[in-house]
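# Remarks on the overall topology
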Amino acid sequence: MNMISMNVVTLLYLVASVCFIQALKGLSSPSTARMGNVFGMSGMAIAVVTTIALMFKLQEQIRTGGMGFGLVLLGVVVGGAIGAVAARRVEMTKMPELVAAMHSLIGLAAVCIAIAAVSEPWAFNIAARGAGLPFGNRLELFIGTFVGAVTFSGSVIAFGKLAGKYKFRLFQGAPVRYPGQHLINLLVAIAIVALGLVFCFSDGAAPAWTPYIVMAALAFVLGVLIIIPIGGADMPVVVSMLNSYSGWAAAGIGFSLNNSMLIIAGSLVGSSGAILSYIMCKAMNRSFFNVILGGFGGEAVALDTGAKEQRPVKSGSPEDAAFILQNAESVIIVPGYGLAVARAQHTVKELVDKLTEHGVTVRYAIHPVAGRMPGHMNVLLAEAEVPYDQVAEMEDINGEFGQTDVVLVLGANDVVNPAAKDPKSPIAGMPILEAYKAKSIIVNKRSMASGYAGLDNDLFYQPNTMMVFGDAKKVIEAMVKAVE
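Throughout what follows, the structure given in this document is the object of discussion. (Residues numbered from 1 in each chain as written. Predicted model: local features only at pLDDT ≥ 70, side-chain atom pairs only at ≥ 80, totals over all residues. Heavy atoms only, no water.)

## Section: the packing of aromatic side chains
The way to describe two aromatic rings as a pair is by their centre distance and the angle between their planes. Stated formally: Stacked, tilted and edge-to-face are the three classes assigned to paired rings of Phe, Tyr and Trp, where Trp is represented by its six-membered ring and a pair needs centres within 6.5 Å; plane angles under 30 degrees give stacked, over 60 edge-to-face, the rest tilted. Under the scheme used here, helices are H or I runs from DSSP no shorter than 4 residues and strands are E runs no shorter than 2 residues, and both carry numbers assigned from the N terminus. Under the scheme applied here, a residue whose accessible area is under 20% of the maximum for its type counts as buried, over 50% as exposed, and between as partly exposed, the area being computed with a 1.4 Å probe on protein chains only.
The tally for this structure, following the rule as stated, stands at five aromatic pairs. Ring plane angle 5 degrees and centroid distance 6.2 Å describe the contact between Phe142 and Phe146, whose orientation is recorded as stacked. On the criterion of helical spacing, the pair formed by Phe142 and Phe146 is a turn pair, its members being four residues apart in helix H6 (residues 135-163). Phe146 sits in the partly exposed class, given a relative accessible area of 21%. Between Trp209 and Tyr212 the ring centres are 5.9 Å apart and the planes differ by 80 degrees, which places this aromatic pair in the edge-to-face class. On the criterion of helical spacing, the pair formed by Trp209 and Tyr212 is a turn pair, its members being three residues apart in helix H8 (residues 209-227). A relative accessible area of 31% means that Trp209 is categorised as partly exposed.

## Overview of the sheet that holds strand S3 (residues 391-393)
As a reminder, the rule being used: Pairing between strands is defined by DSSP: at least two bridges between them are needed. Helix axes are fitted only over the stretch in contact, all axes being lines through C-alpha atoms; the angle between N-to-C directions runs from 0 to 180 degrees.
As summarised here, the arrangement of the six strands in space is S3-S2-S1-S4-S5-S6, forming an open sheet in which the pairing is parallel. Of all the strands in the sheet, the pair left with one neighbour each is S3 and strand S6 (465-469). Strand-to-strand, the axes of this sheet are offset by a mean angle of 25 degrees, without reference to chain direction. As paired strands, strand S4 (residues 406-410) and strand S5 (residues 440-445) are joined by five bridges and run parallel to one another. Within S5, the position partnered with Val407 by the bridge is Ile441.

## Let's talk about the side chain of Thr347
Heads up, the condition is: Note on contacts: a residue pair is in contact if any heavy atoms of the two residues lie within 4.5 Å.
Position of Thr347 relative to the elements: it lies in helix H15 (residues 345-357). Look at Thr347 and you get buried, because its relative accessible area is 8%. Ignoring anything within four residues of it in the chain, the contact list for Thr347 reads Lys473, Ile476, Glu477 and Val480.

## A closer look at the pairing of strand S1 (residues 330-335)
A large share of S1 lies buried, amounting to six of its six residues. Burial along S1 is two-sided: Ser330, Ile332 and Val334 facing one way and Val331, Ile333 and Pro335 facing the other are all buried. The pairing of S1 with S4 spans five bridges and is classified as parallel. From the neighbouring strand, Pro335 faces S4, where its bridge partner is Leu410.

## Description of the environment of Ile213
Looking at where Ile213 falls in the secondary structure, it is placed in helix H8. With a relative accessible area of 43%, Ile213 lands in the partly exposed category. As for Ile213 and Ile115, which are separated by 98 residues in sequence, their C-alpha atoms are 9.1 Å apart.

## Section: the pattern of salt bridges
Let me state the cut-off plainly: The salt bridge definition used is simple: a Lys or Arg side-chain nitrogen within 4 Å of an Asp or Glu carboxyl oxygen.
Inspection of the entire model under this criterion finds seven salt bridges. Of the charged contacts, one joins Asp471 and Arg446 as a salt bridge, the two residues approaching to 2.8 Å between their closest N and O atoms. Here the residue Asp471 occupies a position in the loop between S6 and helix H18 (472-482), and Arg446 occupies one in the loop between S5 and S6, the gap between them amounting to 25 residues. The buried category is assigned to Asp471, whose relative accessible area is 19%. Taking relative accessible area as the criterion, Arg446 reaches 58% and is therefore assigned exposed. Residues participating in the shared-partner salt-bridge network are Lys421, Glu434 and Lys437.

## A word on helix H7 (residues 181-201)
Heads up, the condition is: Each helix should span, by expectation, one fewer than its residue count multiplied by 1.5 Å. Here the arc refers to the set of directions running from the helix axis out to each C-beta atom.
The terminal C-alpha atoms of H7 lie 31 Å apart, and with 21 residues this matches the ideal 30 Å at 1.5 Å per residue to within 8%. Of the residues making up H7, those classed as buried are Gln181, Asn185, Val188, Ile192, Gly196, Phe199 and Cys200. Here the buried residues of H7 occupy an arc of 110 degrees about the axis, which is enough to place them on one side. Residues Leu183, Leu187 and Phe201 are exposed on H7 and point more than 90 degrees away from its buried face. On the buried face of H7, the contacting elements are helix H5 (95-119), H6 and H8.

## Let's talk about the packing of helix H1 (residues 6-26) against helix H2 (residues 33-57)
Heads up, the condition is: If an angle is under 35 degrees, it is roughly parallel; if it is over 145, roughly antiparallel; if it lies from 65 to 115, roughly perpendicular; otherwise it is oblique. By the definition used in this description, the sense in which the near helix is turned from the far one sets the handedness, with an anticlockwise turn below a right angle giving left-handed and a clockwise turn giving right-handed.
Axis separation between H1 and H2 bottoms out at 7 Å; the angle between their running directions is 160 degrees. Here H2 runs roughly antiparallel to H1, going by the angle between their axes. The handedness of the crossing between H1 and H2 comes out as left-handed. Here H1 contributes Met6, Val9, Leu12, Tyr13, Val15, Ala16, Cys19, Phe20, Gln22, Ala23 and Gly26 to the contact with H2, which in turn contributes Ala33, Gly36, Phe39, Gly40, Gly43, Met44, Ile46, Ala47, Thr50, Thr51, Leu54 and Lys57.

## Observations regarding the nonpolar core
Note the cut-off: To define a nonpolar core, start from buried Ala, Val, Leu, Ile, Met, Phe, Trp, Tyr and Cys residues and group those joined through side-chain atoms within 4.5 Å.
Residues Leu141, Ala158, Ile192, Phe199, Ile227 and Val238 are the most contacted members of the largest nonpolar core, which totals 39 residues. Within the residue set of this core, elements represented by two or more residues are H5, H6, H7, H8 and helix H9 (235-257). For this core, the leading source of residues is H9, giving eight residues. Not counting residues up to four positions away in its chain, the partners in contact with Ile227 are Gly154, Ile157, Ala158, Lys161, Val238 and Met241. In this structure, Leu381, Ala384, Ile442 and Ala472 belong to the second largest nonpolar core, which totals 38 residues.

Structure follows, in structure tokens:
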């Protein structure tokens, strides 16, 4: 059955690729995010249908009968059902874990495809039946397997660290470190490259399975080893990095299979993930290699173990905070992870509406790494239908804090810590929202606990700061009732 020509396949893959590019463009702004999602789903639907049609065209060569189509159908139904249920049930605070889990599956899929291609290269048009794999394809499959295996095991560890509910030591947020750790990682990486080269330069029709399998196993181990010494503060950057890895793994396999769709889609994911990692590192004043070699997490443990200096703080009630807000002319709200955990975005919107009715000018200030991943706060506010013109990024609003009457900080910590201005601080140079410059500051937190960086926040002790302790949603609900 010749259902589709290769020219049509190439054209449809090109259309799907354009849809993916438009999806990335749309997702760059909250106002166009919905259309971006539509483009992304359309592109994936075109790619899946085209691939199934291509399978029909090549069924005589594949020689799997109906089994291959049954497995594809099973994968689409089961995977689609799991994805739909997960998307409906996942909380925004758990989104980074979901992303890490998805990346792990992409990496594992790349490894499985590579193993299949090494075993039966003729089925993928890589080589004639009985012929050996060309060197170029061996190299591509080695790289795809290596990156895919590291992505899978590394993403599993990142998932466990982000979830924070597993007792297994490797899944806990604190870094796991031991003597000679970097040397061991280096030796494992060298062994992987050496075994990969043995596989690439092996002659004969039969693949060199022993070096290939050992190389893949060591790559799985390396993925664990490079992630466990990284603490919770850097985990969002790690998730972004693994996102990039998964894309490059898919692109590498695409070259081996001569599949333009995999090459383009993988390159888009890889490059966008790398750019996002750079943006996040810049927002935390970190270098990418500094993150990989361990960073905030390790320092946080060391800093948090000593006795903390007892410093006086001024606290108040939600009613006190509501009075201050209601009598202000300008207010900037800084949302953070505490707001996301309490799911208080709708209540905040209600408070802002009431303040606006009283003539108060209210804006939201968003730090690039507020919450658990970039865009986290933007999505929460969009969910509450906050107008886009009220939301400002850090570089656009930082100059306004000095002229603002009140700043309301909701669950944010490190992103407003003035310690970043201290050259001796572990977070020295980290760009922050300059809330400390405002005339009055109201901070809502459950407790005085430190943030991801494990540092005390000097903002909480300023004479013009009032702490309002409690769950963000309950506190803000009380503020709404108190606003006349």
